Amino acid sequence: MNNTTQIKKNYRIIKVQKLVIVSILIGFLSAFLGVILKNTTEYYEEIFFHQTIVNPIFFVVFPVFGLSIIYFLREYLFKKKENKGIKEVFESTNSNSKNLPSYKIPSHFINGLLTVVFGGSTGIEVSTVVASATIGSVAQRKQNVFRQYKTELICAGVAAGITALFSSPIAGVLFSLEVISRKVTRAFVLTNLIAVSIAFGLIYLLDEKPLFAVHNMTWHLRAVPYFVLLGIIAGINSVYLTRCVLFFKEQFSKIKVPYFKIIFGSIILSVSLFIFPQLYGEGYYAIKTIFINPNGMVLSVSMVLTFIGILVLKPIVTSATLASGGDGGVFAPSLFIGAFLGLLLALILNTYFNANVIPLNFIIIGMAAVLSASIHAPFTALFLVCGLTNDYTLFLPILVVCLISKYTAKMIYPFTVYSYSPSLAK
């Protein structure tokens, strides 16, 4: 009896040791992949965007070229299979037989990079999530002892990837929990905490800077009603984004000739980029420009029209990018929409209602609010945006507004682009 107990105890110890080792490997590889993709995309996106400003003809050339390259890569290199985004991760975690094939790592890495660099109005976040999830999926297939921890190891890869992109290990774990796993086990806690610790250690060693580092000193209680208003409007905007993506995907699926999809998508993208260059790629460059001195901005008619045009067109160009074969998701578009929505609302309140609110606060809270409503993950959005800005001054108002925006969106439309399926909608 004692021998049997000791054997079982030794087996558990060995299993935990192996889980720790594999979590370290997953954390490092996923974070390394995320850092490389982020920096490579940022570097080349800046170069290509500059070329479009100098030679506007590239607004026409780049989208059709980028989407064409992605199509030929999928057709002849990646087994003629389209990337489904995060739904691929759900399919894998919900099935014992379905796994993420290893080619998903280079597929999403390359296609995500090409989509954004050539002007596709989305982001690399979902590409990173699926590629890092695949690292976890491949790892769990290497030994029988890991088979029962499939979801936990996939989530560990995802959490490390998110940590690398947004410098927030808490956001990484919460995203894995709120969106992918939706349940906590001891193995989940162990593997994910180790993976994000390794990921955060790597970005610390590499001295990766927050994407939108700000110094925000205060917020006022009198602004709370306006924050609530922002949360409601953000929820409505997120539903518009979600419905746009689903509508375009449905309509483009009816087009049987793949290159017609590319042509239609490129036309929508090129015309929109020509009118509003801010829509190019992830849009983080445009967000950085409004972060420079938002509190000193003066509202004008041309600014209002520009902001409204951007807010109306961003979901459309994002949807066209994804429906015509681009790789990505709604992370970056949500942050982009939230930033411009928050700034526009603050300037309108200050100009016409003498609200005396702080525009910088509305930019930051708006980013979190639209993201929260778009993916139905308020705590992920909270810590992700705090990590992006490296500032936790607005923690409480962001939390409140994220909850308001999420439940506003759910009341209007219960699905996200990740959770929607035609069978559920009936």
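With an unreviewed UniProt entry as reference, the protein is termed Chloride channel protein, source organism Flavobacterium psychrolimnae. Per UniProt, the comment on the protein under Subcellular location (unreviewed entry) is "Membrane".

Peer 1: Describe the overall build of the protein, with residues and values.
Peer 2: From N to C terminus, the protein includes 17 helices and zero strands. Taking 22 Å as the expected radius of gyration for a compact globule of 426 residues, we find that the protein reaches 22 Å, a close match to that expectation. Along the first, second and third principal axes, the C-alpha set of the protein runs to 80 × 55 × 45 Å. Within the protein, the fraction of its 426 residues that count as buried is 58%. Sequence separation of at least 24 residues holds for 82% of the intrachain contacts in the protein that already meet a minimum separation of 6. Summed over all atoms, the accessible surface of the protein reaches about 18,500 Å², with 66% contributed by carbon and sulfur. Mean positive and mean negative side-chain charge positions of the protein (33 and 16 charges, respectively) differ by 13 Å.

Peer 1: I'd like a description of unusual backbone geometry, backed by residues and values.
Peer 2: A positive phi angle, near 60 degrees, is found at D207, a position not held by glycine. When you line up the elements, D207 lands in the loop between helix 8 (186-205) and helix 9 (224-253).

Peer 1: With reference to specific residues and values, describe the packing of aromatic side chains.
Peer 2: This model, assessed by the stated rule, comprises 25 aromatic pairs. Aromatic ring contacts, followed pair by pair, group F48, F58, F62, F65 and F118 into a single cluster. Between K314 and the ring centre of F336, over which it is positioned, the NZ or CZ distance is 4.6 Å.

Peer 1: For the domain arrangement of the protein, give the residues involved together with the corresponding values.
Peer 2: When the parts of a complex come together, some accessible area is lost, and that lost area is often used as the size of the interface. Parsing the protein into structural domains produces domain 1 (3-206) and domain 2 (221-424). Computed over C-alpha atoms, the centres of domain 1 and domain 2 are 23 Å apart. Each partner contributes to the interface: domain 1 provides 48 residues, whereas domain 2 provides 45 residues. Of the roughly 3,800 Å² buried where domain 1 meets domain 2, counting both sides, 63% is carbon and sulfur surface. Run the count over domain 1 and domain 2 and you get two salt bridges. For D327, the salt bridge goes to R74, with nearest N and O atoms at 3.5 Å. The interface formed by domain 1 and domain 2 contains 24 residue pairs in polar contact (both at pLDDT 80 or more). At the level of elements, helix 1 (2-54), helix 2 (58-76), helix 3 (86-93), helix 4 (104-117), helix 5 (125-140), helix 6 (150-166) and helix 7 (169-181) are the ones that each hand at least two residues to the side of domain 1 that touches domain 2. Counting residues per element, the side of domain 1 that touches domain 2 draws most heavily on helix 2, which supplies ten residues. Here the residues of the side of domain 1 that touches domain 2 sort into 26 nonpolar, 15 polar and seven charged.

Peer 1: With reference to specific residues and values, describe the environment of L403.
Peer 2: Examined against the element boundaries, L403 turns out to sit in helix 16 (residues 395-412). Residue classification places L403 among the partly exposed positions, given a relative accessible area of 31%. In this structure, the C-alpha to C-alpha distance between L403 and F175, residues 228 residues apart in sequence, is 15 Å.

Peer 1: Give me the nonpolar core: which residues, what numbers.
Peer 2: Core analysis: the largest hydrophobic core is formed by 109 residues, its most contacted members being F175, F331 and Y418. It is helix 13 (residues 331-353) that provides the largest number of residues to this core, a total of 14 residues. For this core, the two domains that each supply at least three residues are domain 1 (3-206) and domain 2 (221-424). Other than its neighbours up to four places away in sequence, F331 contacts E125, V126, I162, F166, F175, L371, I375, L384 and Y418.

Peer 1: Requested: an account of the environment of I233, with residues and values cited.
Peer 2: Note on placement: I233 falls in helix 9. Between the C-alpha atom of I233 and that of L341, which follows or precedes it by 108 residues, the distance is 8.5 Å. Every residue in contact with I233, bar those within four places of it in the chain, is listed here: L341 and L345.

Peer 1: Can you lay out the packing of helix 7 against helix 15 (residues 378-389) for me, pointing to particular residues and giving the numbers?
Peer 2: Relative orientation of the contacting elements helix 7 and helix 15 amounts to 165 degrees, with a least axis distance of 8 Å. With respect to helix 15, the element helix 7 is oriented roughly antiparallel. Between helix 7 and helix 15 lies a crossing whose hand is left-handed. Contact with helix 7, carried on its side by I170, A171, L174, F175 and E178, involves P378, F379, T380, F383 and L384 of helix 15 and no other residues of that element.

Peer 1: Go over the packing of helix 12 (residues 301-323) against helix 13 with me, naming the residues and quoting the values.
Peer 2: Axis separation between helix 12 and helix 13 bottoms out at 10 Å; the angle between their running directions is 160 degrees. Taken together, helix 12 and helix 13 sit at an angle that is classed as roughly antiparallel. Handedness of the crossing formed by helix 12 with helix 13: left-handed. Contacts between helix 12 and helix 13 involve M303, V304, F307, I308, I310, L311, K314, P315 and T318 on the former and, on the latter, P333, F336, I337, F340, L341, L343, L344 and L347.

Peer 1: Quick one: what's the story with a nonpolar patch on the surface, residue by residue and with numbers?
Peer 2: Side chains of F72, Y76, V257, Y259, F260, I263, F264, I267, V271, F274 and I275 sit close together on the surface and give an oily, nonpolar patch of about 1,100 Å² of accessible area. When residues of the nonpolar patch are traced back to their parent elements, those giving at least two are helix 2 and helix 10 (258-275). Among the elements that take part in the nonpolar patch, helix 10 stands out by supplying eight residues, more than any other. As for its placement among the helices and strands, F264 is situated in helix 10.

Peer 1: Any details on helix 12? Residues and values, ideally.
Peer 2: Between its first and last C-alpha, helix 12 extends 33 Å over 23 residues, near the 33 Å set by a 1.5 Å rise per residue. Positive phi appears at G325, one or two residues downstream of helix 12, with a value of about 115 degrees.

Rules of the game
Residues numbered from 1 in each chain as written. Predicted model: local features only at pLDDT ≥ 70, side-chain atom pairs only at ≥ 80, totals over all residues. Heavy atoms only, no water. UniProt positions renumbered as here; feature names shortened; annotations may be inferred. Helix = DSSP H or I, 4+ residues; strand = E, 2+ residues; numbered from the N terminus. Rg over C-alpha atoms; globule rule 2.2 N^0.38 Å. Buried < 20%, exposed > 50% of the residue type's maximum accessible area, 1.4 Å probe, protein only. Contact = heavy atoms within 4.5 Å. Areas by Shrake-Rupley, 256 points an atom, 1.4 Å probe, with all protein chains shown as cover. Lys, Arg positive; Asp, Glu negative; His and termini not counted. Charge placed at Lys NZ, Arg CZ, Asp CG, Glu CD. Phe/Tyr/Trp six-rings, centres within 6.5 Å; stacked < 30°, edge-to-face > 60°. Lys NZ or Arg CZ within 6 Å of the ring centre and 35° of its normal. Domains from an automatic or database assignment. Buried area = accessible area lost by both parts, 1.4 Å probe. Salt bridge = Lys/Arg side-chain N within 4 Å of Asp/Glu carboxyl O. Polar contact = N/O pair within 3.5 Å; in protein donor to acceptor, adjacent residues only side chain to side chain. Nonpolar A, V, L, I, M, F, W, Y, C, P; charged D, E, K, R; others polar. Core = buried A, V, L, I, M, F, W, Y, C linked by side-chain atoms within 4.5 Å. Axes fitted to C-alpha atoms, helices over the stretch in contact; angles between N-to-C directions. Parallel < 35°, antiparallel > 145°, perpendicular 65-115°, else oblique. Left-handed = near helix turned anticlockwise from the far one by under 90°. Patch = residues over 30% accessible without salt bridge, like charges linked within 9 Å, V, L, I, M, F, W, Y side chains within 5 Å. Expected span 1.5 Å × (residues − 1).

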